[in-house]
Amino acid sequence: MKYKKIMAPVLGSVALAMSSASNAATANLASGDFVGITFWLISMALAASTVFFLWEALRMGGKWSTSLTVSALVTFIAAVHYFYMRDVWVATGDTPTVYRYIDWLLTVPLLMIEFYLILAAITKVSGGIFWRLLIGTLVMLVPGYMGEAGYMDITMGFIIGMLGWAYILYEIFAGEASKVAAAQASPAVQSSYKNMRIIVTLGWAIYPLGYVLGYMTQTASMEALNIVYNLADVVNKIAFGLLIWYAANEETSNA
Ligand SMILES: *C/C=C(C)/C=C/C=C(C)/C=C/C1=C(C)CCCC1(C)C
């Protein structure tokens, strides 16, 4: 099979990128550093997920390989960031928020595109869904960053960011995307679509909560925040990707 030939160089480059990202390591992980341990756990889980999604993308092929490749890109980009954040945490006991925002700026639009891609794999959908979700993402993240970094009023950044998120939720619950899913998707795709939007509602709520507790009111500790973000990303990036894998696998094995 052809996919086996491309797999070796693909996996090789993934491994290389990840190991060079971890070269920054200077300090050792302490056995009582639970935040550091969650950084390690999620780094490894993301790396392993990347291999899995890539492999499955090549195995399934066809229209579904695009969605699965995007899942792999999400976990790959996040893994490289996590390898780096992990080392910074172990060395300094701190994680500058800017790394998380760079990760979000790349991975959140890709996660949004998945709603478009899983529908596009089964039916004809308008590009408007794609653009509206992309714009919602930018309206959510850019002011959030500007607020946290001090380029904009903290509360203003939060409010505009919340409007961006609300706009995304509107699109996937009541907008064109939800109508296409309800009317044309197969049971497997509908089930994944519904679970994906639960993640975007509940799983994503962690981040604005972190903004309020960790930054606006400063009532949460750095440790608590990082543990929560690290575990949230397991759901929001890996479980989200597994939902797409479920739909893809059902669709391709029933075909
Ligand atoms: C994998 C990373 C994900 C899914 C990150 C998601 C980030 C958000 C949903 C951030 C949302 C925010 C708001 C809704 C208000 C403004 C502050 C933000 C950027 C933290």
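Scroll up for the structure.
## Comments concerning the site of the ligand
And then number 1: Around the ligand, the surrounding shell holds 17 residues, and the nearest of these are Val108, Met140, Trp204, Tyr207 and Lys237.
And then number 2: Considering the ligand on its own, with 530 Å² of exposed area, one finds that the protein chains cover 100% of that surface.
And then number 3: Counting only elements with at least two residues in the shell around the ligand, the list comes to helix H4 (97–120), helix H5 (127–149), helix H6 (154–173), helix H9 (206–216) and helix H10 (222–254).
And then number 4: A total of five residues in the shell around the ligand trace back to one element, the largest contributor, which is H4.
And then number 5: In terms of residue class, the shell around the ligand is built from twelve nonpolar, three polar and two charged.

## Topic: H9
And then number 1: Those residues of H9 that fall on the buried side of the exposure criterion are Tyr207, Pro208, Gly210 and Tyr211. Down the axis of H9, the sector holding all buried residues measures 150°, keeping them to one side.
And then number 2: One or two steps after H9, the chain reaches glutamine 218, where phi turns positive at roughly 50°.

## Brief notes about unusual backbone geometry
And then number 1: Unlike most non-glycine residues, glutamine 218 shows phi in positive territory, near 50°.
And then number 2: By the secondary structure assignment, glutamine 218 is in the loop between H9 and H10.
And then number 3: By relative accessible area, which is 58% here, glutamine 218 ends up exposed.

## Quick notes on the environment of isoleucine 77
And then number 1: If you trace the backbone, isoleucine 77 turns up in helix H3 (residues 64–92).
And then number 2: On the basis of relative accessibility, which here comes to 18%, the residue isoleucine 77 falls in the buried class.
And then number 3: Each C-alpha atom of the pair isoleucine 77 and glutamate 251 lies 27 Å from the other, and the pair is 174 residues apart in sequence.
And then number 4: With near-sequence residues (within four places) excluded, isoleucine 77 lies in contact with Asp103, Leu106, Thr107 and Leu110.

## Comments concerning the nonpolar core
And then number 1: Within the largest apolar cluster, 68 residues are counted, with the highest numbers of intra-cluster contacts made by Phe115, Tyr193, Val200, Trp204 and Phe240.
And then number 2: Every residue in contact with tryptophan 204, bar those within four places of it in the chain, is listed here: Val108, Leu111, Met112, Met140, Trp165, Ile168, Ile199 and Asn236.

## Structural notes on the pattern of salt bridges
And then number 1: In this structure the tally under the stated criterion is six salt bridges.
And then number 2: Of the charged contacts, one joins glutamate 56 and arginine 59 as a salt bridge, the two residues approaching to 2.6 Å between their closest N and O atoms. One end of the pair, glutamate 56, and the other, arginine 59, are both in helix H2 (residues 34–60), three residues apart, so they sit about a helical turn from each other.
And then number 3: Between lysine 237 and aspartate 103 there is a salt bridge, with the nearest N and O atoms lying 3.4 Å from each other.

## Focus on the packing of H2 against H3
And then number 1: Put simply, H2 and H3 touch, their axes get as near as 8 Å, and they point 160° apart. Regarding the angle of H2 to H3, the classification is roughly antiparallel. When you trace H2 past H3, the crossing you get is left-handed.
And then number 2: Split by residue class, the contact of H2 with H3 holds 21 nonpolar, eight polar and two charged.

Conventions adopted
Residues numbered from 1 in each chain as written. Predicted model: local features only at pLDDT ≥ 70, side-chain atom pairs only at ≥ 80, totals over all residues. Heavy atoms only, no water. Near = heavy atom within 4 Å. Areas by Shrake-Rupley, 256 points an atom, 1.4 Å probe, with all protein chains shown as cover. Helix = DSSP H or I, 4+ residues; strand = E, 2+ residues; numbered from the N terminus. Nonpolar A, V, L, I, M, F, W, Y, C, P; charged D, E, K, R; others polar. Buried < 20%, exposed > 50% of the residue type's maximum accessible area, 1.4 Å probe, protein only. Arc of directions from axis to C-beta. Contact = heavy atoms within 4.5 Å. Core = buried A, V, L, I, M, F, W, Y, C linked by side-chain atoms within 4.5 Å. Salt bridge = Lys/Arg side-chain N within 4 Å of Asp/Glu carboxyl O. Axes fitted to C-alpha atoms, helices over the stretch in contact; angles between N-to-C directions. Parallel < 35°, antiparallel > 145°, perpendicular 65-115°, else oblique. Left-handed = near helix turned anticlockwise from the far one by under 90°.

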